[in-house]
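Notes for the structure review
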Number of protein chains: 2
Amino acid sequence: MQRHAAVMGAAGALGTTMMKTLRARGWRVVGIDSKQVVDGLRRPPVGMEAGVMWNVVVPTNGSNPSEQKKHVLGEMKLMGFGNEEGQKKLDAVLCFNGGFAMGNASCDDLLVSVEKMYGSILVPSFLGASLAATFMRPGSLFLLSGALAGGNVPTPRILAYGSAKAAVHHLVRSLSHETSGLPDGTKVIGIAPDILDTETNRVSMPNTPRDNWTPLGDLANKVCDWAESPQMCTSGTIYKVITSPSGTTYDAL
Amino acid sequence: MQRHAAVMGAAGALGTTMMKTLRARGWRVVGIDSKQVVDGLRRPPVGMEAGVMWNVVVPTNGSNPSEQKKHVLGEMKLMGFGNEEGQKKLDAVLCFNGGFAMGNASCDDLLVSVEKMYGSILVPSFLGASLAATFMRPGSLFLLSGALAGGNVPTPRILAYGSAKAAVHHLVRSLSHETSGLPDGTKVIGIAPDILDTETNRVSMPNTPRDNWTPLGDLANKVCDWAESPQMCTSGTIYKVITSPSGTTYDAL
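Read on for an overview of the structure. All values derive from a computational prediction rather than experimental measurement. (Residues numbered from 1 in each chain as written. Chains lettered and ligands numbered in written order. Predicted model: local features only at pLDDT ≥ 70, side-chain atom pairs only at ≥ 80, totals over all residues. Heavy atoms only, no water.)

Considering the pairing of strand β1 (residues 4-8) of chain B
Residues and elements named next belong to chain B.
- For β1, the buried fraction is high: five of the five residues fall into the buried class.
- Every second residue of β1 is oriented toward a common face, with His-4, Ala-6 and Met-8 on one face and Ala-5 and Val-7 on the other, all of them buried.
- Both β1 and strand β2 (residues 28-33) contribute to a ladder of five bridges, which runs parallel. Across the sheet, residue His-4 finds its bridge partner in β2, namely Arg-28.
- Viewed along the sheet, the connection from β1 through helix α1 (residues 13-24) into β2 turns out right-handed.
- Bridge count between β1 and strand β4 (residues 90-95): four bridges; the pairing is parallel. Following the sheet pairing, Ala-5 is matched in β4 by Ala-92. (Buried < 20%, exposed > 50% of the residue type's maximum accessible area, 1.4 Å probe, protein only. Helix = DSSP H or I, 4+ residues; strand = E, 2+ residues; numbered from the N terminus. Pairing = 2+ DSSP bridges. Right-handed = clockwise from strand over helix to strand, strands pointing away.)

Here it is in structure tokens:
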């Protein structure tokens with residue numbers, strides 16, 4: 001069976017690695033991002049072979065969340081996705097949308113941070129839920145990106161980010177219930193990484209030991225394992241992604 | 001000592017009752033809402049007597065969250081509030097901003113709900129935190145409105161509302177830490193009511209028994225008690241507001 005995945009935040013570091021990993025393992029992948037995905041195509045030509053990336057660019061400037069949803073769903077339909085007989089279905093929807101903002105209550109730009117975290121974390125997570133509800137095959141995987149700072153751990157100096165991630169954790173737990181509107185048997189999980197080994201983190205923390213940084217390929221392979229065998233996941237769970245010199249573990253938060 | 005409070009969501013049912021209760025107990029009150037507060041004045045005349053309501057109208061149409069903050073802080077300064085010697089300070093900031101939206105992942109207007117809950121729950125809560133950080137006297141009360149559906153309880157059919165309330169609960173817990181940017185000794189609490197006895201609820205649930213509906217005056221008096229004696233609260237706590245025929249209780253969630 002040819003598997004199809006939608007990756008949101010596809011232009012980011014983890015999203016890019018996820019796209020490559022899925023392609024290498026034979027998936028067809030639609031990359032969704034506000035930025036053009038590297039070597040992605042806007043729409044697939046007819047008869048496209050397995051493993052090639054397709055690309056949906058989400059219009060964020062001046063476009064409200066409903067318009068973004070309409071655009072993304074419309075593009076998916078143009079690619080032949082749908083829930084009717086003979087139409088393509090998604091076997092995984094994976095949201096790696098990011099964004100970060102420091103700031104406590106006395107920061108002048110607290111509300112700027114709130115708006116940024118809304119646009120880069122909350123809206124894409126709900127957009128992913130709409131995508132999963134509309135196009136996913138029953139029994140597939142829906143994954144959202146949570147955080148270690150945002151669950152039960154207070155974040156007094158990163159208020160907007162922590163609160164947005166708490167909202168995402170709540171969404172994971174809520175979507176795992178059968179009345180959530182997702183296809184029957186969908187497994188809904190979150191990941192809560194510590195520090196990912198990205199180029200950006202290497203530049204911003206040049207002198208920090210990297211023993212406990214998670215290699216993007218490790219995480220992407222694990223997510224691909226889950227997507228290929230959703231029964232390995234417990235729906236409603238946020239998985240802590242913790243790396244040590246002996247490897248990376250994925251335990252429930 | 002003349003006490004001053006800022007009430008956000010002042011034009012709503014609970015906000016209106018809170019304003020009246022505070023006035024009756026000798027407080028000066030600034031009502032903040034996107035709607036004009038009934039019998040409120042835009043700005044106080046010089047030498048205004050105790051107990052009169054002042055009013056700040058938050059511009060929401062076409063104004064982003066940062067502009068809203070700038071407007072509200074500017075109006076407060078025009079009224080003489082500030083943290084310098086001789087300037088007025090707030091002894092309580094109370095956020096009763098509301099809003100509600102049903103909807104699971106398969107709803108067409110999920111993203112519309114997300115945007116509404118962002119504007120009516122998240123932005124005002126963070127705006128309240130900025131107000132508290134800028135104008136509150138050390139050792140005062142900052143109160144946010146949480147919900148029973150939005151803490152640890154999943155909300156599969158009210159996704160946007162539940163997630164926004166989970167973000168508010170996270171904010172309460174984070175703001176109670178000393179590095180959160182609020183004045184020293186601020187008590188930060190949330191309230192999580194069940195059903196409030198409002199006109200709107202009476203109209204929408206005409207045949208529901210009201211034994212367990214919380215009278216607005218009961219809750220407003222309790223909040224006023226907390227505001228007058230913040231040492232009665234445990235900072236970082238969400239208080240469940242549960243009413244039975246024998247009265248209303250306020251236990252930690």
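Here we look at the environment of Val-30 of chain B
All names here are of chain B.
- Mapped onto the elements of the fold, Val-30 is located in strand β2.
- Judged by relative accessible area, which is 1%, Val-30 ranks as buried.
- Taking C-alpha positions, Val-30 is 4.6 Å from Trp-54, a pair spaced 24 residues apart along the chain.
- Dropping the residues within four chain positions of it, Val-30 is found in contact with Ala-5, Ala-6, Val-7, Met-19, Trp-54, Val-56, Met-76, Met-79 and Phe-81. (Contact = heavy atoms within 4.5 Å.)

Here's the deal with helix α2 (residues 65-78) of chain A
Residue and element names in this part refer to chain A.
- Between its first and last C-alpha, α2 extends 20 Å over 14 residues, near the 20 Å set by a 1.5 Å rise per residue.
- Burial in α2 covers these residues: Pro-65, Gln-68, Lys-69, Val-72, Leu-73, Glu-75 and Met-76. Axial view of α2: buried residues confined to an arc of 160 degrees, hence all on one face. The exposed set on the far side of α2, more than 90 degrees from its buried face, consists of Lys-70, Lys-77 and Leu-78.
- N-capping of α2 is provided by Asn-64, with a side-chain oxygen placed 3.0 Å from the backbone N of Ser-66. (Expected span 1.5 Å × (residues − 1). Arc of directions from axis to C-beta. Polar contact = N/O pair within 3.5 Å; in protein donor to acceptor, adjacent residues only side chain to side chain.)

Focus: helix α4 (residues 159-175) of chain A
- With 17 residues, α4 of chain A should reach 24 Å at 1.5 Å per residue; the first-to-last C-alpha distance of 24 Å fits that figure.
- Where burial is concerned, most of α4 of chain A is hidden: 16 out of the 17 residues are buried.

Things to note about the packing of aromatic side chains
Residues and elements named next belong to chain A.
- All chains considered together, the criterion is met by nine aromatic pairs over all chains.
- Taken together, a centroid distance of 4.7 Å and an interplanar angle of 70 degrees make the contact between Phe-100 and Tyr-161 edge-to-face. Taken together, the residues Phe-100 in the loop between β4 (90-95) and α3 (110-135) and Tyr-161 in helix α4 connect sequence positions 61 residues apart.
- Each residue in the set Trp-226, Tyr-239 and Tyr-250 is aromatic and connected to the rest through ring pairs, giving one cluster.
- In this structure, Lys-88 is placed above the aromatic ring of Phe-81, and the distance from its NZ or CZ to the ring centre is 5.4 Å. (Phe/Tyr/Trp six-rings, centres within 6.5 Å; stacked < 30°, edge-to-face > 60°. Lys NZ or Arg CZ within 6 Å of the ring centre and 35° of its normal.)

Here we look at the interface of chain A and chain B
- In this complex, chain A contributes 46 residues to the contact, which on the side of chain B involves 46 residues.
- Both sides together, the interface formed by chain A and chain B hides about 3500 Å², and carbon and sulfur atoms give 67% of it.
- Broken down residue by residue, the surface that chain A buries against chain B is led by Leu-111, Phe-126 and His-170 of chain A, which jointly contribute 20%.
- At the boundary of chain A with chain B, the tally comes to zero salt bridges. (Buried area = accessible area lost by both parts, 1.4 Å probe. Salt bridge = Lys/Arg side-chain N within 4 Å of Asp/Glu carboxyl O.)

Some remarks on the packing of α4 of chain A against helix α4 (residues 159-175) of chain B
- Remark: α4 of chain A packs on α4 of chain B, axes separated minimally by 8 Å, with the N-to-C direction vectors making an angle of 135 degrees. Between α4 of chain A and α4 of chain B, the angle falls in the class oblique. Relative to α4 of chain B, α4 of chain A is oriented so that their crossing is right-handed. Facing α4 of chain A, whose interface residues are Leu-159, Gly-162, Ser-163, Ala-166, Ala-167, His-170, Leu-171, Ser-174 and Leu-175 of chain A, α4 of chain B presents Leu-159, Gly-162, Ser-163, Ala-166, Ala-167, His-170, Leu-171, Ser-174 and Leu-175 of chain B.
- Residue composition of the contact of α4 of chain A with α4 of chain B, grouped by class: ten nonpolar, eight polar and no charged. (Axes fitted to C-alpha atoms, helices over the stretch in contact; angles between N-to-C directions. Parallel < 35°, antiparallel > 145°, perpendicular 65-115°, else oblique. Left-handed = near helix turned anticlockwise from the far one by under 90°. Nonpolar A, V, L, I, M, F, W, Y, C, P; charged D, E, K, R; others polar.)

Re the side chain of Gln-68 of chain B
- Looking at the element boundaries, Gln-68 of chain B is found in helix α2 (residues 65-78).
- Not counting residues within four places of it along the chain, the set of residues in contact with Gln-68 of chain B comprises Val-58, Pro-59, Thr-60, Ser-63, Val-123 and Leu-127 of chain B.

Examining the packing of α2 of chain A against helix α3 (residues 110-135) of chain B
- Where α2 of chain A meets α3 of chain B, the axes come as close as 8 Å, and the angle between the chain directions of the two elements is 155 degrees. It follows from the interaxial angle that α2 of chain A and α3 of chain B lie roughly antiparallel. The element α2 of chain A and its partner α3 of chain B pack so that their crossing is right-handed. Where α2 of chain A approaches α3 of chain B, its residues Pro-65, Ser-66 and Lys-69 of chain A are matched on the opposing element by Leu-110, Leu-111, Val-112 and Glu-115 of chain B.
- Taken together, the residues that form the contact of α2 of chain A with α3 of chain B break down as four nonpolar, one polar and two charged.

Regarding the pairing of strand β5 (residues 136-145) of chain A
Residues and elements named next belong to chain A.
- Of all ten residues making up β5, seven are buried, and the element is well covered by its neighbours.
- When β4 meets β5, the two strands line up parallel, connected through four bridges. Within the sheet, the bridge partner assigned to Ala-92 lies in β5 and is Leu-141.
- Assessed by its sense of winding, the connection that carries the chain from β4 through α3 to β5 is right-handed.

Such coordinate-based values are descriptive only and should not be taken to indicate function.
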